[in-house]
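Each chain, written out:
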There are 2 protein chains.
Amino acid sequence: MGEPDPKSPRERYRAQVRAEIKEHAWKQIAAAGVPALSLNAVAKQMGVSGPALYRYFASRDELITELIRDAYQSLADTFRVAFVAGADVTGLAHALRDWALEDPQRYFLIYGTPAPGYHAPEDTTRISSQIMATLLDACAALASDSPATPFRAHLQEHRDWADGHPATPAALRRALTFWTRLHGVLSLELAGHFTGMGFDPALLFAAELDDLLTQRA
Amino acid sequence: MGEPDPKSPRERYRAQVRAEIKEHAWKQIAAAGVPALSLNAVAKQMGVSGPALYRYFASRDELITELIRDAYQSLADTFRVAFVAGADVTGLAHALRDWALEDPQRYFLIYGTPAPGYHAPEDTTRISSQIMATLLDACAALASDSPATPFRAHLQEHRDWADGHPATPAALRRALTFWTRLHGVLSLELAGHFTGMGFDPALLFAAELDDLLTQRA
DNA sequence: CGTGTTCGTTAGAAGTTATAACTAGAGATG
DNA sequence: CATCTCTAGTTATAACTTCTAACGAACACG
């Protein structure tokens, strides 16, 4: 009964073709961005004609949604692998930057311009909280020798996003700061806003990371 | 001879129609994002049929480029007006956030996902440095009671982006931090990454701004 | 070895950007 | 004021896009 046994030869073939489609899609996105992704062009490169792809993805949007999901998963895996390999917050930061530089458009698929009406599917928000969980793990390992702030109190009252993670308010604040500050420098670097300004983006990233770790407030 | 006298009635009409086109384009972008911008739809809304718009913009890309230019100019004006009205760094920060919240897609037109091949036209980089100049003006007014850092030295060696502005290394660093950190929180807020997390994005923005101003390093 | 599911095909509808050729009207000029 | 020119908007068309429908052929399965 239609149950997709993962070992069925048809299912195996299907999964492989889906993967190949996504492969070509990633190349097109890396080359010219999401708006330039064309199902027709992907089909042409695969030596298959047009509507054949609709056997594998119901629509262009579904393909893109799948790529977004994969991007989230890739980042979550990168974080988790780095963390279990012993990386601290600094290690996670460099893992993040390396991952982003590896494919800037993949980063922007997650953190770039959103479509006004778009709502992320349930599972991506789940993966997103996995990412946050790893970050909180790393931040919890840091000592907090700094005084409380009003915003930390606010976070303590609104800590549902930590999803039960036993992090101190200081760790919550640190994780949030990690996220927003590194995203700030990284996204501007990836978008090319620093080109022609002279300084080294890697040094700015490192300086922000250092600030983040040796912070008092 | 063909010289566009700004008072020629034809030129006035032309400028007005161009403005109306851009007006409708902004509405479409605000509603569904840049990819959903359709010249045909704009023409339909204006009660005019399709190719008529090509008298006013050579291509869809040229229209978008013009909108980007206007977005930059709008931000530069907002900053300049706030500064001459006496706003300090805090004032500029809130002017920035208000401006961004007013039309998130306009913000993302500048700081959102870039198209891989795209190079901004010369004048937008000029407007961009006007924005930076205003920010440096405000940062120069702040006292810097903090010790030098290696990155500040690096900035001092690569201060061409300041475009001759007589800012101390501390002010340069402060301007850069203002930019990256506030962009970090703001872009994540505008993209909706904080929705459902519980805390108040405005408080996070204020906390980051406070950190920025009362910073030691 | 049938039998049915599924895959890929071609045809086509509805949309897009953009160009070409034409018409009608407005502005500029004598 | 008459005329001339230039331009704005029109329709037709090409080349693209996503996506649906109907068909044929190949493959897995009982």
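On a predicted model such as this, the values are computed, not experimentally measured, just so you know.

Cut-offs used in this document
Residues numbered from 1 in each chain as written. Chains lettered and ligands numbered in written order. Predicted model: local features only at pLDDT ≥ 70, side-chain atom pairs only at ≥ 80, totals over all residues. Heavy atoms only, no water. Helix = DSSP H or I, 4+ residues; strand = E, 2+ residues; numbered from the N terminus. Buried < 20%, exposed > 50% of the residue type's maximum accessible area, 1.4 Å probe, protein only. Salt bridge = Lys/Arg side-chain N within 4 Å of Asp/Glu carboxyl O. Contact = heavy atoms within 4.5 Å. Buried area = accessible area lost by both parts, 1.4 Å probe. Polar contact = N/O pair within 3.5 Å; in protein donor to acceptor, adjacent residues only side chain to side chain. Nonpolar A, V, L, I, M, F, W, Y, C, P; charged D, E, K, R; others polar. Phe/Tyr/Trp six-rings, centres within 6.5 Å; stacked < 30°, edge-to-face > 60°. Lys NZ or Arg CZ within 6 Å of the ring centre and 35° of its normal. Near = heavy atom within 4 Å. Domains from an automatic or database assignment.

Residue and element names in this part refer to chain B. Tracing the backbone shows L203 in helix α9 (residues 201-213). The class for L203 is partly exposed, based on a relative accessible area of 38%. Note: C-alpha distance between L203 and A140 (63 residues apart in sequence) is 26 Å.

All told, the structure shown has 22 salt bridges over all chains when counted by the stated rule. For the salt bridge of R181 of chain A with E208 of chain B, the shortest nitrogen-to-oxygen distance reads 2.8 Å. In this pair, R181 of chain A is assigned in helix α8 (residues 169-190) and E208 of chain B in helix α9, connecting two distinct chains. Residue R181 of chain A is classed as buried on the basis of its relative accessible area, which comes to 1%. Between E189 of chain B and R97 of chain B there is a salt bridge, and its shortest N-O distance comes to 2.7 Å. Taken together, the residues E189 of chain B in helix α8 (residues 169-190) and R97 of chain B in helix α4 (residues 89-102) connect sequence positions 92 residues apart. The buried category is assigned to R97 of chain B, whose relative accessible area is 13%. One salt-bridge network, in which partners are shared between bridges, spans R18, K22, E66, R69, D70 and D123 of chain A.

The next thing to look at is the interface of chain B and chain A. Across the boundary between the two partners, chain B contributes 50 residues, which contact 50 residues of chain A. Each partner contributes to the roughly 3900 Å² buried at the junction of chain B and chain A, and carbon and sulfur atoms together form 61% of this total. Seen at the junction of chain B and chain A, the total is 6 salt bridges. Residue R181 of chain A pairs with D211 of chain B through a salt bridge whose shortest N-O separation is 2.9 Å. Where chain B meets chain A, there are 15 residue pairs in polar contact (both at pLDDT 80 or more). Counting residues per element, the ones that place at least two in the side of chain B that touches chain A are α1 (9-32), α5 (104-111), α7 (150-157), α8 and α9 of chain B. Looking at the side of chain B that touches chain A element by element, the count peaks at 12 residues for α8 of chain B. Here the side of chain B that touches chain A is built from residues that sort into 27 nonpolar, 16 polar and 7 charged.

Attention shifts here to the side chain of E66 of chain A. All names here are of chain A. Here E66 lies in helix α3 (residues 60-84). Looking at E66, its side chain comes within polar contact range of the side chain of K22, at 3.4 Å. Sequence-distant contacts of E66, defined by excluding residues within four places in its chain, comprise R18, K22 and F57.

All right, on to the packing of aromatic side chains then. Per the stated rule, a full pass over the model turns up 18 aromatic pairs over all chains. Judged by centre distance (5.6 Å) and plane angle (80°), the rings of W179 of chain A and F194 of chain B are edge-to-face. On the criterion of chain membership, the pair formed by W179 of chain A in helix α8 and F194 of chain B in the loop between α8 and α9 is interchain, its members lying in two chains. Note on accessibility: W179 of chain A and F194 of chain B belong to one class, buried. Over the face of the ring belonging to F205 of chain B we find R97 of chain B, whose NZ or CZ atom lies 5.6 Å from the ring centre.

Our next topic: the protein's contact with DNA strand C. The full set close to DNA strand C counts 20 residues, and R55 and Y56 of chain A together with L39, Y54 and R60 of chain B are the nearest of them. Within 4 Å of the protein, the contacting atoms of DNA strand C are drawn from sugar and phosphate to the extent of 67%. Y56 of chain A has a polar side-chain atom sitting 2.6 Å from a phosphate oxygen of DNA strand C. Note that a phosphate oxygen of DNA strand C is positioned 3.3 Å from one of the side-chain N or O atoms of Y54 of chain B. Looking at the surface near DNA strand C, the elements with two or more residues in it are α1 (9-32) of chain A together with α1 and α2 (39-45) of chain B. Top contributing element to the surface near DNA strand C by residue count: α1 of chain A, with 3 residues. Split by residue class, the surface near DNA strand C holds 10 nonpolar, 5 polar and 5 charged.

Take the domain arrangement of chain A next. Residue and element names in this part refer to chain A. Here chain A is described as being made up of domain 1 (1-57) and domain 2 (59-213). Across the boundary between the two partners, domain 1 contributes 15 residues, which contact 13 residues of domain 2. Summed over both sides, the interface of domain 1 with domain 2 buries roughly 1300 Å², with 70% coming from carbon and sulfur. On the domain 1 side of the contact with domain 2, K22, W26 and F57 bury the most area, a combined 45% of that side's loss. At the surface where domain 1 touches domain 2, the tally comes to 3 salt bridges. K22 serves as the salt-bridge partner of E66, at 3.4 Å between the closest nitrogen and oxygen. Counting residues per element, the side of domain 1 that touches domain 2 draws most heavily on α1, which supplies 7 residues. When grouped by side-chain class, the residues that make up the side of domain 1 that touches domain 2 number 12 nonpolar, 1 polar and 2 charged.

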